[in-house]
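Listed below, chain by chain, are the residues.
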Amino acid sequence: MDARQLGHAGPLVAPVGLGCGPMSFGSLTPARDAESVATIRAALDAGLALVDTGDFYGNGHNEWLIRQALRAGDRERMVISDKFGALRDPGGRFVGMEARPAYLKSALAYSLQRLGTDYIDIYRPARLDPAVPIEDTVGAIAEMVQAGWVRHIGLSEVGAETLRRAHAVHPIADLQIEYSLFSRGIERSILATCRELGIGITAYGVLAHGLLTGAYAGPGGGEFAHLPRFHGDNLNANLALVEGLRPLADARDITVAQLAVAWVLARGDEIVALVGASRPDRIADAIAAAGLTLTDDELAAMDEAVPADAVAGERYAAPQMATLDSER
């Protein structure tokens, strides 16, 4: 796999990275933890250096998993992308966003301890804190860069204006944002701004939280089942769109999921796709998707099968959408 660079001076990584969040969703058991550790190791051994986590994934559990996965010599070849600031109560409910300088420095200290490392490669707020100027947040992370505890600064789900303000304080390596055939809001202005400023894109939700796998089995109790696109008529309409992709995938003897990942990677060389996996055998599928080159005709056919304005339902409920700076 050809490496892609996150930002002008950011790390070189494979076109796909491992999203570790799903490893800390739902019921956790020693057997499941062991499988998650094996998955992280399999990804690293296969050359997928970028490992994405957050201190609120399982209230620290996800960072602990990464620590368990690290073997002698692994830290030097792993690129850890970590998020902070999404506040949860003991029941797991989100209760706010916090990005004050004092808070983030404290959060970083705890993350370093849980990860068992003395630096984090890319550190970012999970969302914009409306009570704290982005300049203050980025300036505080820049102090941690100067001190050696952070290598690069990232952002998540912020808009073009915020990107410019942040980048003026310290170079931003990458923007983590949802991007898929089903979520193309980034194409309005954010993608162009990132390209202008030399900021990489780490795309999450590339499979639309399961809808674009081509194997979604219907409503359930998963982490994303509450999202509008999974409800009633919205779900039926969206699954019909997915079926329109199946002949294209079958023609290449690949899965719909691999086709969807390849579409995201085809949108630009500055884009890296995060693929959530909890089993080692899924790593080979991600690598195969990264090796696909779609033709112009295939890309046009995909856009025809899933027009940008045809997806039913917003990607989050209205209260959550109102908090996303990237949607303003």
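Cut-off values and rules
- Residues numbered from 1 in each chain as written.
- Predicted model: local features only at pLDDT ≥ 70, side-chain atom pairs only at ≥ 80, totals over all residues.
- Heavy atoms only, no water.
- Helix = DSSP H or I, 4+ residues; strand = E, 2+ residues; numbered from the N terminus.
- Buried < 20%, exposed > 50% of the residue type's maximum accessible area, 1.4 Å probe, protein only.
- Contact = heavy atoms within 4.5 Å.
- Axes fitted to C-alpha atoms, helices over the stretch in contact; angles between N-to-C directions.
- Parallel < 35°, antiparallel > 145°, perpendicular 65-115°, else oblique.
- Left-handed = near helix turned anticlockwise from the far one by under 90°.
- Nonpolar A, V, L, I, M, F, W, Y, C, P; charged D, E, K, R; others polar.
- Arc of directions from axis to C-beta.
- Core = buried A, V, L, I, M, F, W, Y, C linked by side-chain atoms within 4.5 Å.

A. Just the side chain of Thr53, in detail. Mapped onto the elements of the fold, Thr53 is located in strand 4 (residues 50-54). Assessed through its relative accessible area of 0%, Thr53 is described here as buried. Beyond its immediate sequence surroundings of up to four residues, Thr53 is in contact with Asn62, Glu63, Ile66, Ile80, Ser81, Asp82 and Lys83.

B. Highlighting unusual backbone geometry. Despite not being glycine, Ala208 has its phi angle at roughly 55°, a positive value. With respect to the element layout, Ala208 can be found in the loop between strand 11 (200-204) and helix 8 (232-252). Its relative accessible area of 4% is what places Ala208 among the buried residues. Not every positive phi belongs to a glycine, and His209 is a case in point at roughly 55°. If you trace the backbone, His209 turns up in the loop between strand 11 and helix 8. According to the relative accessible area criterion, His209 is buried, its value standing at 19%.

C. Here's a closer look at the packing of helix 1 (residues 30-45) against helix 2 (residues 61-69). In the contact formed by helix 1 and helix 2, the axes pass within 9 Å of each other and the chain directions differ by 60°. It follows that helix 1 is oblique to helix 2 by the angle criterion. Our pair here, helix 1 against helix 2, has a crossing hand that is right-handed. Here Asp33, Ser36, Val37, Ile40 and Arg41 of helix 1 come into contact with helix 2, specifically with His61, Trp64, Leu65, Ile66, Gln68 and Ala69. Here the contact of helix 1 with helix 2 is composed, by residue class, of 6 nonpolar, 3 polar and 2 charged.

D. A look at helix 10 (residues 282-290). Regarding helix 10, the residues found buried are Ile283, Ala286, Ala289 and Ala290. Angular distribution of buried residues about the axis of helix 10 spans 120°; they occupy a single face of the element. Here the buried face of helix 10 lies against strand 3 (16-19), helix 1, helix 9 (256-265) and strand 12 (271-276).

E. Examining the packing of helix 4 (residues 101-115) against helix 5 (residues 134-147) more closely. For the pair helix 4 and helix 5, interaxial distance at closest approach is 9 Å and the crossing angle is 40°. In terms of orientation, helix 4 and helix 5 fall into the oblique class. Crossing handedness for the pair helix 4 and helix 5: right-handed. Touching Pro101, Leu104, Lys105 and Leu108 of helix 4 are Asp136, Thr137, Ala140, Ile141, Glu143 and Met144, all from helix 5. Class assignment for the residues of the contact of helix 4 with helix 5 results in 6 nonpolar, 1 polar and 3 charged.

F. Fine view of helix 2. Burial in helix 2 covers these residues: His61, Asn62, Glu63, Leu65, Ile66 and Ala69. The inward-facing, buried residues of helix 2 abut helix 1, strand 4, helix 3 (74-77), strand 5 (79-84) and helix 4.

G. Local environment of the nonpolar core. Core analysis: the biggest nonpolar cluster contains 97 residues, and Val16, Leu155, Leu175 and Phe182 have the highest contact counts within it. In terms of residue count, helix 9 provides more of this core than any other element does, 8 residues in total. Residues contacting Phe182, with those up to four places away along its chain left out, are Ala208, Leu211, Leu212, Arg229, Asn238, Leu241, Val242, Val306 and Val311.

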